[in-house]
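Structure assessment
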Amino acid sequence: MSGKDDTGTPNTGEQIDAAEREEAKRRLLAQAEAERIPTQETTRALPDRRWRHGR
């Protein structure tokens with residue numbers, strides 16, 4: 001073995017893979033945030049119209 005990679009610095013391929021993983025993570029987080037439904041909209045009570053129909 002030549003010992004070139006023993007310094008602990010990642011090679012170019014590993015740097016590219018790490019950068020791609022980070023970009024994919026950012027895209028997923030951005031998509032999840034865009035699709036997120038605010039809590040106020042999910043917990044809002046709606047009137048039950050079945051009981052109001054007969055009045």
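As the structure is a prediction and not an experimental result, all values here were calculated from the model.

1. Structural notes on the pattern of salt bridges
Per the counting criterion, the structure on display carries three salt bridges. Between Glu22 and Lys25 there is a salt bridge, and its shortest N-O distance comes to 3.3 Å. Taken together, the residues Glu22 and Lys25, both in helix H1 (residues 12-35) and three residues apart, mark about one turn of the helix. A relative accessible area of 44% places Lys25 in the partly exposed class.

2. So, the confidence of the model for the protein
For the protein, the mean per-residue pLDDT works out to 78, and 56% of the residues sit at or above 70. Across the protein, H1 holds the top mean pLDDT of 95, while helix H3 (residues 49-52) sits lowest at 62.

About the criteria used
Residues numbered from 1 in each chain as written. Predicted model: local features only at pLDDT ≥ 70, side-chain atom pairs only at ≥ 80, totals over all residues. Heavy atoms only, no water. Salt bridge = Lys/Arg side-chain N within 4 Å of Asp/Glu carboxyl O. Helix = DSSP H or I, 4+ residues; strand = E, 2+ residues; numbered from the N terminus. Buried < 20%, exposed > 50% of the residue type's maximum accessible area, 1.4 Å probe, protein only. pLDDT = per-residue confidence, 0-100.

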